[in-house]
Amino acid sequence: ASSLQTSIATKMAALSLSTSALGLAHGVAPPRGSPSISMMAKATGKDTLIALAEEQQIPMGFWDPLKLADKDFWSEGNDATVGWLRHAEIKHGRVAMAAFVGFCVQSNGIHFPWDIKGGILGDAATALSYGDLSAIPAPVDQWAAVPTAGKLQILGTIAVLEFVGETMEPHYMRGGKPGFYPSLKDAAGGGKGNIPHPVPLDLYDPFGFFEGDSEEKKARGRNVEINNGRAAMLGIFGLICASKGLIVPGLDSLGIAQATAEPMSYFGPNDAGLPFVENMLKFDIASFGQPQ
C-alpha cells in the first residue's frame with residue numbers, strides 16, 4: 001500500500017518541478033533580504049503581482065495571459081480585484097494541498113477506527129464505518145458513498161468558515177492580507193459573536209507554534225505556500241483525471257483505482273432526496289448540461 005503513496009509522491013514531485021518551467025510553481029523559498037518582501041503584506045494592484053512573481057522565483061516572470069490583473073471586478077477598482085484574485089488563489093491552493101494528501105491517504109486504505117454513521121448509540125443494521133468507506137478502492141467513489149447528512153455537515157462547516165473569513169479587518173479587497181484568516185476564538189462567544197459557542201483553537205496555527213515569527217519569515221512562508229498550492233492544484237486534478245481513465249503522463253503507470261462516480265458533483269445519486277438534486281442528476285455534465 002505504501003508503495004502507491006510513495007510512487008504518487010515521487011511522480012508529483014517531478015510534476016511540480018516540471019511545472020516550474022511554466023511559471024506555475026515549485027516550493028522554493030525566495031532569497032533572504034529580498035527588497036520588496038515587506039510590500040507583499042497587502043494587495044496593492046498589478047505592481048504587487050509583478051514583485052511577487054520575482055520573489056516566488058517564477059522563471060518566466062509575471063505571467064497573466066488572461067489580463068486578469070488589469071480587470072475591475074464589480075466596479076470595486078483594480079486594487080480590490082487583485083486582492084480578490086490573490087485571496088482566491090491562496091484558498092484554492094490550500095484546499096488542493098489537503099485534497100492531494102487526502103487522495104494519497106485514502107488510496108492506501110488509511111482511515112479512522114470508528115463509525116461515520118451509527119456507532120454504539122445507533123442502529124447496528126444501518127451503521128457505516130470509515131473502514132467500510134476505505135474498502136472502496138477509488139477516493140472519488142468513497143466520497144460518493146458518504147451519507148447525505150455527512151455531506152451537509154461538511155457543507156455547513158465550510159459555510160461557517162467562509163462567513164468568519166469574510167469578517168477579516170481590513171478585508172482582503174480593502175488592503176488586508178490575502179490569505180489571512182481571522183481568529184476563530186475571537187469570533188466566538190465573547191468576541192465578535194459570529195460563532196454562537198466557544199472555539200478552543202484557531203484554524204491557523206492552533207497551537208501557537210508560529211507566534212514569534214518575524215514578518216519577513218511569514219512573508220517567505222506565504223510565497224512557499226502559494227507555490228506549493230499551485231503544484232497541488234495540478235496534482236489533485238491529475239490524480240482525479242487518472243482515476244477517471246484519462247491519460248495523465250507520469251500517473252498512468254501508478255495503478256490508480258478507477259472511479260465510477262462523478263468527481264465534479266458534490267451530491268450524487270445517494271443524495272437524491274435533497275431538493276433539486278434529482279433534477280441535477282438528469283443532466284449529463286460531459287454533454288455540457290444536455291438532458292440525458
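Reading guide: rules and limits
Residues numbered from 1 in each chain as written. Predicted model: local features only at pLDDT ≥ 70, side-chain atom pairs only at ≥ 80, totals over all residues. Heavy atoms only, no water. Helix = DSSP H or I, 4+ residues; strand = E, 2+ residues; numbered from the N terminus. Buried < 20%, exposed > 50% of the residue type's maximum accessible area, 1.4 Å probe, protein only. Contact = heavy atoms within 4.5 Å. Areas by Shrake-Rupley, 256 points an atom, 1.4 Å probe, with all protein chains shown as cover. Core = buried A, V, L, I, M, F, W, Y, C linked by side-chain atoms within 4.5 Å. Salt bridge = Lys/Arg side-chain N within 4 Å of Asp/Glu carboxyl O. Polar contact = N/O pair within 3.5 Å; in protein donor to acceptor, adjacent residues only side chain to side chain. Phe/Tyr/Trp six-rings, centres within 6.5 Å; stacked < 30°, edge-to-face > 60°. pLDDT = per-residue confidence, 0-100. Axes fitted to C-alpha atoms, helices over the stretch in contact; angles between N-to-C directions. Parallel < 35°, antiparallel > 145°, perpendicular 65-115°, else oblique. Nonpolar A, V, L, I, M, F, W, Y, C, P; charged D, E, K, R; others polar.

Peer 1: Summarise the overall build of the protein; cite the residues concerned and give the values.
Peer 2: Check the secondary structure of the protein and you find nine helices and four strands. In the protein, the order of α-helices and β-strands from amino to carboxyl end is α-α-α-β-β-α-α-α-α-α-α-β-β. Among the 292 residues that make up the protein, the fraction classed as buried is 36%. A separation of at least 24 residues holds for 55% of the contacts in the protein among residues at least 6 apart in sequence. Surface exposure of the protein reaches about 17,000 Å², of which carbon and sulfur atoms provide 64%.

Peer 1: A description of the nonpolar core should follow, citing residues and the corresponding values.
Peer 2: The biggest cluster of nonpolar side chains holds 13 residues, and the ones touching the most others in it are F103, I236, L239, A242, L251 and I256. When contributions to this core are tallied by element, the ones reaching two or more residues are α3 (78–107) and α8 (215–243). The greatest single-element share of this core, amounting to five residues, is contributed by α8. Filtering out sequence-adjacent residues up to four positions away, F103 remains in contact with P139, I236, L239, I240, S243 and I256.

Peer 1: So, the pattern of salt bridges: which residues are in play, and what are the values?
Peer 2: In the structure shown here, the tally under the stated rule is nine salt bridges. R230 is paired through a salt bridge with E89; the nearest N and O atoms lie 2.6 Å apart. Here the residue R230 occupies a position in helix α8, and E89 occupies one in helix α3, the gap between them amounting to 141 residues. The class of E89 is partly exposed, set by a relative accessible area of 27%. Here E215 makes a salt bridge to K177, at a shortest N to O gap of 3.3 Å. Note that E215 is positioned in helix α8 and K177 in the loop between α6 (148–165) and α7 (184–187), a separation of 38 residues in sequence. Accessibility expressed as a relative area gives 28% for K177, which makes it partly exposed. What you see here is one network of salt bridges that share partners, running through K177, E215 and K218.

Peer 1: How would you summarise unusual backbone geometry if you had to cite specific residues and measurements?
Peer 2: Following E169, the chain continues into P170 via a peptide bond in cis, with omega recorded as -5°. In this structure, Q57 is a non-glycine residue whose phi angle is positive, near 60°. Along the chain, the position of Q57 falls in the loop between α2 (46–55) and α3. Phi at K67 is positive, roughly 60°, even though this residue is not glycine.

Peer 1: Account for the side chain of S243, naming residues and giving values.
Peer 2: With respect to the helices, strands and loops of the structure, S243 is situated in helix α8. The exposure class of S243 is buried, given its relative accessible area of 1%. Of note is the side chain of S243, whose polar atom sits 2.7 Å from the backbone oxygen of I240. Discounting chain neighbours no more than four positions away, the residues touching S243 are F103, V140, I256, A257, Q258 and A259.

Peer 1: An account of the packing of aromatic side chains is needed here, citing residue identities and associated values.
Peer 2: Inspection of the entire model under this criterion finds 10 aromatic pairs. When the centroid spacing of 5.4 Å and the interplanar angle of 75° are considered together, the rings of F73 and W74 count as edge-to-face. Overall, F73 belongs to the buried group, its relative accessible area being 19%. Ring centres 4.9 Å apart and planes at 10° place the aromatic pair F112 and W114 in the stacked group. By relative accessible area, which is 47% here, W114 ends up partly exposed. An aromatic cluster of three or more residues is present, and its members are F73, W74 and W84.

Peer 1: Explain α2 residue by residue, including any values.
Peer 2: All of the buried residues along α2 are T48, L49, A51, L52, A53 and E55. Taken together, the buried residues of α2 touch α3 and α8. Following α2 by one or two positions, Q57 has its phi on the positive side, about 60°.

Peer 1: I'd like a description of the confidence of the model for the protein, backed by residues and values.
Peer 2: Mean pLDDT over the protein stands at 82; residues scoring 70 or higher make up 80%. Here helix α1 (residues 2–19) stands out as the least confident element of the protein, with mean pLDDT 42; helix α5 (residues 139–144) is the most confident, with 97.

Peer 1: An account of the packing of α2 against α3 is requested, with residue identities and associated values reported.
Peer 2: At a closest axis distance of 9 Å, the pairing of α2 and α3 adopts a crossing angle of 40°. Classified by the angle their axes make, α2 and α3 are oblique. Two secondary-structure elements touch here, α2 through K46, T48, L49 and L52 and α3 through N78, V82 and R86. In the contact of α2 with α3, the residues fall into three nonpolar, two polar and two charged.

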